[in-house]
Amino acid sequence: MTDLRALIRDIPDYPKPGILFYDITPVLGHADGFSDLIDRMADPFREAGITKVAGIEARGFTVAAPVATELEAGFIPIRKPGKLPYQVHHREYSLEYGTDALEMHTDAVVPGDRVLVVDDVIATGGTAAAALALLSDAGAEVIAVSVFIELGFLDGAAALGGVPFHALLTFD
Ligand code: AMP
């Protein structure tokens, strides 16, 4: 099994001073590492009856879409405003400074769907919480939120309103 931690590149002071950015591109670029990552993210959910995996633009897509095919589920793109062509649900959320927003097509989920939300990194949890709000607007049943990397000291899981949470790696 690949040592995924060894493939994650730590970039100090990116995108601004004081942030330690975890760059997953070396994992994505490593054939065995990428394959192991997707297998290991899918593993806890193989028997969960997941019908759709929702991924968050843009780094989240790189992990969520392959997890969807691994689970034989569909993929739902959650995107920044103005990027999706059809009718959307729209949710604003708070950043450290100011706000941002995410959108999802109104027909992305159908009754009976069991949705897994997948992202690369959870920090404060604001992004994942906005994705959950969009799925709630659409009447979706969310089974869990699953991430590659959790920044444990920020306790982002606490922002998920009790939705089951899974992280492959937790950094403190
Ligand atoms: P948050 O809404 O605070 O949970 O931030 C989550 C999003 O920001 C994720 O989709 C990540 O892509 C990105 N992110 C936040 N902090 C980091 C970090 N230290 N390293 C890499 N990505 C990060």
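Residues numbered from 1 in each chain as written. Predicted model: local features only at pLDDT ≥ 70, side-chain atom pairs only at ≥ 80, totals over all residues. Heavy atoms only, no water.

1. Describing the overall build of the protein
Rule in force here: Strands are runs of DSSP state E lasting at least two residues, helices are runs of H or I lasting at least four, and both sets are numbered from the N terminus onward. Atoms counted for the radius of gyration: C-alpha only. Globule rule: 2.2 Å times residue count to the power 0.38. Only protein chains enter the area calculation, which uses a 1.4 Å probe; residues under 20% of their type maximum are buried, those over 50% are exposed, and those in between are partly exposed. Residue contacts are defined here by distance: any two heavy atoms, one from each residue, within 4.5 Å place the two residues in contact. Two residue types count as positive, namely Lys and Arg, and two as negative, namely Asp and Glu; His and chain ends fall outside the count. Where a charge lies is defined by one atom per residue type: Lys uses NZ, Arg uses CZ, Asp uses CG and Glu uses CD.
Counting its secondary structure elements, the protein contains five helices and nine strands. Starting at the N terminus, the α and β elements of the protein follow one another as α-β-β-α-α-β-α-β-β-β-β-α-β-β. Computed over its C-alpha atoms, the radius of gyration of the protein comes to 15 Å, within 12% of the 16 Å expected for a compact globule of 172 residues. Dimensions of the protein, computed from C-alpha atoms along their principal axes, come out at roughly 40 × 40 × 30 Å. Every one of the 172 residues in the protein was classed for burial, and the buried ones make up 44%. Restricting the contact set of the protein to residue pairs at least 6 apart, pairs at least 24 apart contribute 54%. A gap of 4 Å separates the mean positions of the 12 positive and 25 negative side-chain charges of the protein.

2. Considerations on the packing of aromatic side chains
The following threshold applies: Pairs were defined over the aromatic rings of Phe, Tyr and Trp, the Trp ring being its six-membered one, requiring ring centres within 6.5 Å. Orientation was assigned from the angle between planes: stacked under 30 degrees, edge-to-face over 60, tilted for the rest.
Summed over the entire model, instances satisfying the criterion amount to three aromatic pairs. Ring geometry for Tyr22 versus Phe171: centroids 4.6 Å apart, planes at 50°, classification tilted. Linking Tyr22 in strand 2 (residues 20–23) with Phe171 in strand 9 (residues 165–171), this pair joins segments that are 149 residues apart in sequence. The pair Tyr22 / Phe171 is uniform in exposure class, with both members buried. With a centroid separation of 5.5 Å and 90° between ring planes, the pair formed by Phe61 and Phe75 is classed as edge-to-face. Here Phe61 is found in helix 4 (residues 59–70), whereas its partner Phe75 is found in strand 4 (residues 74–78), with 14 residues between them in sequence. Of the residues examined, Phe61 reaches a relative accessible area of 21% and is grouped as partly exposed.

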